Amino acid sequence: MKRTLGILFIVFISLVLIAGCTEEKPPGEELKIGVVASMTGSASTTGKDIWQSAELAADEINADGGVYVADLGKKVPIRLVQGDDESTREGGQKAVSRMITQDNVDILVGGFSSAVVSAHQQIVAEHKVPYIITGASTPIITRRTDVDTTYMFHHAPTCDDSGSQIILFLDDTVRPAINSQYNFSADRPLRLAILYQDSPYGKGHQTAIKNTITNSSLNIEIVAEEAFKMGESDYRTVLTSIKNTDPDVIYVTAFLNEQIPIETQAMRDIGLNKIFTAVEPNDDPDFYKGVGTYGDYSIVQSRFSPYTVPKGPTEAAYNKFVTDFDKKYGGFPGMMGVATYEGVYIAAKAVEDAGTLNKTAVRDALATIRMPQMVENMQDQTISFSPDCRESKFELTMEQLYWDESAKETRPKIVWPEGLKETSFVLPEWYEPGQD
Amino acid sequence: MVVSSDLIIQVMIWGLYAGCIYILLATGLNLIFGVMKIVNFAHGELLMLGAYITFTFYAVSGFNPYVLLAASLPILILIGVIIERTCFRPILGTGKLNEIFISIGLIYIIQNAAAMIWSDEWRTIHSPFEHITLKIFGVNLPLDYLIIVITTISILIILFLFMQRTRLGKAMRATSQNRKGAMLMGINVERMDMLAFGIGAGLAGAAGTLWVVSGQVFNPYMGSIPAVKAFAIVIIGGLGSIPGAIIGGLIYGIAENFAILTLGGAWKDAISFIILILVLIVRPTGIFGESAE
Amino acid sequence: MIDMNKTLGIGSKRARLLGVILLLLLAVTLPLIFGMNLYLLTVLVLMVIFIIYASSWNFLTYTGQGSLGHAAFFGLGGYASAIVASASGLSPYITIFIGGGMAALVGLFIGIICVRLKEWFLAMVTFGFAIIIQTLMVSQFADISGGWDGIAAPRLVPSSIPNYQLIEYYSIVLIAVFVILLFYFILKSKIGLAFAAIRENEIEARAAGIDPVKYRLFAFLVSAYFSGVAGALEIHNLGYITPEIFGVDISFWPIIYSISGGLGTLAGPIVGTIFITFIWDGLQSFGLTYLRFVIIGLLLVLIIIFLPKGLISLPDKIKGYLGKRQKKVQ
């Protein structure tokens, strides 16, 4: 008897806890934005960046009086609701369903892991809540046909975007540089080795590389494709087999805890004196700290760098965001943070455009939104979502790292694309090209 | 793939260095198992703690991380003793499954406590000898690897001498051979348990320090992969058998690298478990395991 | 002799019955009291699915076995059911049992290897199988499993039907009741006695003519089958399956639930799942992040040390303690 009473007690206590979370202003008095962030679990470092950046954006907008809603004839403040997806599929589903039905959010922003996002898309689709997904690298997110994805907008570079831009850079900059420096014939193909993480992320890049080469019929030959387990520490065997295929460039799809030992072991242990490319999440202070001298002359893709800012329209916004973030929370926000920061602004703009909090109207406003780029460089310098897949298009940059004696670390300089570059790509003295 | 003799020597040196980490872990596991007849599945978390404690000393003092090993080792031994006293001793003899389950609890506690203390951002320690590479018989040998191999061998020799020459070591060996008999001989077996667990934790901590000084990036969840590999090695070789662990490690290393070359890197973890399962089908106690008990 | 109470739960028969009735009543009425509340339903659906899963995992411990890799079966059930349902157009209500079948088939294979092994080896081998199966799914079987991208799974009840979430919830509760009743009858039968005999003393059991290998294999099969069904239910509820389903957390949750509730009892996994779920979500509403994991870990350690029979033995323990004190006073 005591036991059953105990169970009842626990259940009701918990229900009170759940119910307690829903005290709020009457609808229409505020714009409620649900932030899907991994506050706990394996992705919690980015989760913190995501939440804090969203807070920063909301505070800025609220300091300015809030978001003007024509329907109400006044400005309403933004209230953020945190939804911790716990870096798991189940946690994401719980968090999103809570935000939709308990907190009655008007719009959702965030989402990080592709696996986690795909497991709560169904709920979002069924409740038709606009969702600005600022993470998830897989393009499938907005291309699924089994659920209605028309309310979902993808504001993050997908593997396709990121992969194709690296390949274009290799084709129009690195290949000619090698061929001319070593007196190869101009039509010699670039010998490319791919080293990728065995994960949706790595596989996505592998597919994007191949598609880009085929679709644009580029003069690039893939000489090696090697996978490694997520979190691997010993790359010497794979790197040795890559060395035997004699590549010009090694395209690595890895997180920074893998990218660092890959470049270190390749240079120090294998003597693989080649150009390495790293994908955009690696452009992080911890990467520069970890890779040390072995990063010299390597290539890093970037959308939001801690140490360099593309000259031009985004420069001021970049400096303001980074300084404000550092002042408020200390540290560097990271690229997941900046996307969410922009995501909150996109949400606010969409509500203003729609002039109402009605979800369908906000969705329609998002579909046709055109707002100037903010911190990150966008194609056409505009944030807008493509009509077919509702993806925004990023202008990613390629940086080459050079040793900086005063920092005792390497520092990036933008070498691509043409319009944003600070300096030209160079081949280091120790570089050894693949066979002719 | 071109296989030259240089390459074979090179691969062996890399294997030796990576093997050092596993041997330290596996020796600790075997020691604990021998004396207490328990398996600590949270052993990898001790490796992680070792790395973080050295990292903290390094960040504060800026000393050579190899020297700091001497400072972090006693702390790890203390942590090991505390874990043994508070978690494993109360459940000794209540069933093997309980030991496994209590380890799961420990994994959650240690990983997340570490994340609260040090945050879960990626950390690195740069060795002062990072750029020194010796060229011996035409083979590139980073000085760090040499130091790691020498350190490991020294630790193992000290351990061996301790077990063979000292009263305490002899008592520990007696306990692991026959617990009841040892008890009758007046050996305080509970003290032996504490000692074994402490040394095991210390070895794991040393492994963690050497691991990160050699250029590994780490966070609070870093311990699980090396620990799982050490387990596989210990089980392949037979629980409680040191030569078994060395042979298990060799089989393991060769198979792993062979898998990378043939099936691809994605198979690296899976292949070690396939071998583990194959070994256990043929010999359910492992290659060198005692068939009794 | 073997005490049946020990196998089925603790407390008097009447108290147990009352508990079951109250729990069922609560399960049925909760969604009605609070109306169509999606969040509550989501939490409850996942909880009931994990009750099935934890109970299936716990079924293994009746024969003294354990597993650190039940995510293999959970995931296989999910994949098989999702693939069959999308390819054939059959209702997920049928395909979940096909998913279970797939899990059981692999479970049979793993079981043949595992039943002879010692506990530590068993733990490692089951742990390893989850990794091997994940690797196979993303490489050799990538064509049908969608590789790392995963595949969509149709919903249990199409969202075009009114109150589909409520129907889903009640049907999952029904399946859970069925599974637990089935376990109850198995354990009450001669098989249950044989399980207990093997668990208590394998050598004596053998002497009494009970073949431990046969019974352990049977337990493994049943456990794998219903873990597969639970996985399939979850997948049809989430609508999408990715290889992350084979993750360590999915393997560890049923262990945590079963231990905290009470290992080797029918009520244990149910009480444990409910208790831990609410603690987990409750701690989150206080904004605890890492500390939440630490607390769950501490809870696990404390329960193993001080309450080896789990939370369901707490009332008896308190009663026993009070009884002893009264005696002392007298």
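Each chain carries its own residue numbering, running from 1 in the direction its sequence is written. Numbering of ligands from 1 and lettering of chains from A proceed in the order in which they are written. Owing to the predicted nature of the model, reporting of local features is limited to residues with pLDDT of at least 70; listing and counting of side-chain atom pairs is limited to 80 or more, with chain, interface and lining totals taken over all residues. The side-chain values count all of the structure's non-hydrogen atoms but skip hydrogen atoms and water molecules.

Asks: What am I meant to see in the pattern of salt bridges here?
Replies: Side-chain pairs of opposite charge can arise whenever the charged atoms involved come near each other. Every case where a carboxyl oxygen of Asp or Glu lies within 4 Å of a side-chain nitrogen of Lys or Arg is listed as a salt bridge. Inspection of every chain in the model, using the stated rule, returns 42 salt bridges over all chains. Here Asp248 of chain A ties to Arg188 of chain A by a salt bridge, and the two come within 2.9 Å at their closest N and O atoms. You can see Asp248 of chain A sitting in the loop between α7 (236-244) and β10 (249-253) and its partner Arg188 of chain A sitting in the loop between α5 (159-181) and β8 (190-197), a full 60 residues away along the chain. Only protein chains enter the area calculation, which uses a 1.4 Å probe; residues under 20% of their type maximum are buried, those over 50% are exposed, and those in between are partly exposed. Given the relative accessible area of 4%, Arg188 of chain A is considered buried. A salt bridge links Lys96 of chain B to Glu99 of chain B; the nearest nitrogen and oxygen atoms lie 4.0 Å apart. Placement of both Lys96 of chain B and Glu99 of chain B in helix α4 (residues 96-118) is noted, with a separation of three residues, approximately one turn of the helix. Beyond isolated ion pairs, a larger network of salt bridges with shared partners links Asp234, Arg236, Arg268 and Asp269 of chain A together with Asp144 of chain B. Going along the chain from the N terminus, every DSSP run of H or I of four or more residues is numbered as a helix, and every run of E of two or more is numbered as a strand.

Asks: Just to check I follow, could you spell out the interface of chain A and chain B for this structure?
Replies: It is common to give the size of an interface as the accessible area lost on bringing the parts into contact. What makes two residues a contact is simply this: any of their non-hydrogen atoms within 4.5 Å. With 34 residues of chain A in contact, the opposing surface of chain B contributes 33 residues. Throughout, buried area stands for the accessible area (probe radius 1.4 Å) lost by two parts on being put together, summed over both. Taken together, both faces of the contact between chain A and chain B bury some 2,800 Å²; the carbon and sulfur share is 51%. Together, Arg236, Thr237 and Arg268 of chain A form the three largest contributors to the area buried by chain A at its contact with chain B, with a combined 21%. The partner of Arg268 of chain A in a salt bridge is Asp144 of chain B, and the shortest N-O contact between them spans 3.9 Å. Residues adjacent in sequence count toward polar contacts only when both atoms are side-chain atoms; beyond that, a polar contact is any pair of N or O atoms within 3.5 Å, and within protein one must be able to donate a hydrogen and the other to accept it. The interface formed by chain A and chain B holds nine residue pairs in polar contact (both at pLDDT 80 or more) in total. Among the secondary structure elements, those contributing two or more residues to the side of chain A that touches chain B are α2 (44-63), β9 (220-228), α7, α8 (256-270) and α9 (285-291) of chain A. Tallying contributions element by element places α8 of chain A first for the side of chain A that touches chain B, with eight residues.

Asks: How do you make sense of helix α3 (residues 38-61) of chain C when you look at a structure like this?
Replies: Every α-helix winds through 3.6 residues per turn, so residues three or four apart in the chain are directed the same way. Here the expected span of a helix is defined as 1.5 Å times the quantity of residues minus one. The end-to-end C-alpha distance of α3 of chain C, which contains 24 residues, comes to 35 Å, matching closely the 34 Å that a straight helix rising 1.5 Å per residue would cover. In terms of residue burial, α3 of chain C counts as a mostly covered element, since 24 of its 24 residues are buried.

Asks: Can you walk me through the pairing of strand β11 (residues 275-278) of chain A in this structure?
Replies: Moving residue by residue along a regular strand, the side chains alternate between the two faces of the sheet. All names here are of chain A. The alternating pattern of β11 places Ile275 and Thr277 on one face and Phe276 and Ala278 on the opposite face, and all of these are buried. Note: β10 against β11, four bridges, orientation parallel. Residue pairing for β11: Ile250 is matched across the bridge by Phe276. This β-α-β element, β10 to α8 to β11, shows right-handed connectivity. Both β11 and strand β12 (residues 299-302) contribute to a ladder of two bridges, which runs parallel. Bridge pairing in β12 links Ala278 to Val300. In terms of handedness, the path from β11 via α9 over to β12 forms a crossover that is right-handed. Any two strands with at least two DSSP bridges between them are considered paired. Note on handedness: a clockwise path from strand one over the helix to strand two, with the strands aimed away from the viewer, defines a right-handed crossover.

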